[in-house]
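Observations on the three-dimensional arrangement
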Amino acid sequence: MTATEVRDPVRSALESVLDEVRSKTSGEVASYIPELARVDPDPLGVALVSVHGVVHEAGDTDTHFTIQSVSKPFVFALAVDALGLEQVLTHVGIEPSGEPFNAISLEPATGRPLNPMINAGAIVMSSLMAGDTADEKFAAIHAGIERFAGRDLVVDEAVFSSEAQTGNRNRALAYLTLAAGTLGSPVDVATTAYFRQCSISVTARDLATMAATLATGGVNPITRERVISEDAARWTSSVMTSCGMYDESGDWLMRVGLPAKSGVGGGIAAELPGQFGIGTFSPRLDAKGNSVRGVAMLEAMSARFELHQMQHRGEPLSPVGSLTRNGAETVAALRGELFFSGAEEVFARLSPLLSDDGCLVLDFSDVTRVGDAAARLFREAPGVAGQRTDGGGDKVVVRDPEGVLGH
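Thresholds applied
Residues numbered from 1 in each chain as written. Predicted model: local features only at pLDDT ≥ 70, side-chain atom pairs only at ≥ 80, totals over all residues. Heavy atoms only, no water. Helix = DSSP H or I, 4+ residues; strand = E, 2+ residues; numbered from the N terminus. Expected span 1.5 Å × (residues − 1). Buried < 20%, exposed > 50% of the residue type's maximum accessible area, 1.4 Å probe, protein only. Core = buried A, V, L, I, M, F, W, Y, C linked by side-chain atoms within 4.5 Å. Contact = heavy atoms within 4.5 Å. Polar contact = N/O pair within 3.5 Å; in protein donor to acceptor, adjacent residues only side chain to side chain.

1. Details of unusual backbone geometry
Positive phi outside glycine occurs at glutamine 68, with the angle close to 50°. Take glutamine 68: it is sitting in the loop between strand E3 (65–66) and helix H3 (72–83). Within the chain, glutamate 306 stands out as a residue other than glycine whose phi angle is a positive 55°. You can see glutamate 306 is positioned in the loop between helix H13 (292–305) and strand E8 (320–326).

This is the structure in structure tokens:
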């Protein structure tokens, strides 16, 4: 093992994943956009960016390609943040379509595209961005995507021109949403902004950073800039989970179990909320429009590194570190990070220790973080110091020297 591998075992693990999938050469590059038909089919890269801003990468992570449909969840997030979820949902649904990305998938009653991850829904999202002209709307999109990536990004003008010349099906989808009353601008404005959006040039590292920004709850882990709200990040991750891999989304959720979005440029962005973002790149696509080796990489990583969101992690460490008795006083030393389930365990284990002539001390000295819901449970629990009205002594006393419970 080299010194470099010792310093970054994650990179070594990523390189082993590349070795595992390198021989998979099935599939074809996207051909319906002439400029994409000319790309080199062989590059292969994967990057992982943690919520702490640490970058691990292997393979061709500096190779540029156009973002294509991987842009869709990020524009949805920007629209939700700008307009509010309820307003956005008057224009687009959030249900899986079970159809190809370019299908005519509109709700019969409302005319809304079924979700923002298919082309019809994504065009509507682009139409809702600020500005009256295509240039103004794209400027808002471009600036937002750059904040997700944490750096300046350029448009591949050759790909944009190719998309604009061959994008009549997307224009047809836009006209259908216009007729249904869900498009937020004239067709030419919406589609031009959308074609430019899809033509932004990125790398696998960019996609990993963008996905990690969702994983952190909306803060770019490298620049530390808040890009979108926590709510927008959570809602976007939810839609990616159910709709991000087109009509293969159900199979993806079962096999990989990560919120993800693919694009016909060969990229996939995936995330494990609260932990990291992943970006993969390999141009050959399967029949669904997903990168063959990108899917294989993420399947391998999910299985090998136990990344599936539904993965059972075993019995968690008890939040009660120790119990000591001092006369009528029982001291419970709590530890680690406490969220709702941890608070429930504390109350379930310790409530039987309460007695008429004694008190329970909850010591938070070794607790590093308390979730908002758990903090409310602790603050509002009957018998906590200051809550009694019968004149008796406190049954539960909280020691919180670091103020982790908040106010």
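2. With respect to helix H10 (residues 204–215)
Look at H10: 16 Å from first C-alpha to last across twelve residues, which is about the 16 Å you get at 1.5 Å a residue. Counting buried residues in H10 gives eleven out of twelve residues, a clear majority hidden from the surface. Listed in full, the buried residues belonging to H10 are Ala204, Asp206, Leu207, Ala208, Thr209, Met210, Ala211, Ala212, Thr213, Leu214 and Ala215. After H10 finishes, the residue glycine 217 shows a positive phi value of roughly 90°.

3. Some thoughts on the nonpolar core
One finds Met125, Phe148 and Ile228 to be the most contacted residues of the largest nonpolar core, which totals 53 residues. Counting only elements with at least two residues in this core, the list comes to H3, helix H4 (85–89), helix H5 (119–127), helix H6 (134–149), helix H9 (187–198), H10 and helix H11 (230–243). If one sorts the elements of this core by residue count, H3 sits on top with seven residues. Setting aside residues no more than four positions away along its own chain, methionine 125 makes contact with Val75, Phe76, Ala79, Val88, Val92 and Pro116. By size, the runner-up hydrophobic cluster in this structure holds 25 residues, among which are Leu18, Leu48, Ala300 and Met301.

4. Re H13
The terminal C-alpha atoms of H13 lie 20 Å apart, and with 14 residues this matches the ideal 20 Å at 1.5 Å per residue to within 8%. Burial analysis of H13 places ten of its 14 residues in the buried class, which makes it a mostly covered element. Taken together, the buried positions of H13 are occupied by Val292, Arg293, Gly294, Val295, Ala296, Met297, Leu298, Ala300, Met301 and Ser302. Looking at the packing, one finds that the buried side of H13 touches helix H2 (9–21), strand E1 (45–50), helix H12 (249–255), strand E6 (267–272) and strand E7 (276–281). Downstream of H13 by one or two residues, glutamate 306 has phi in the positive range, about 55°.

5. Structural notes on the environment of aspartate 42
With respect to the helices and strands, aspartate 42 occurs in the loop between H2 and E1. Each C-alpha atom of the pair aspartate 42 and glutamate 248 lies 24 Å from the other, and the pair is 206 residues apart in sequence. Here aspartate 42 is in contact with Arg284 and Arg293, once residues within four sequence places are set aside. In terms of polar contacts, aspartate 42 uses its side chain to reach the side chain of arginine 284, at 2.8 Å.

Fair warning: the whole summary comes from geometry, so function is off the table for now.
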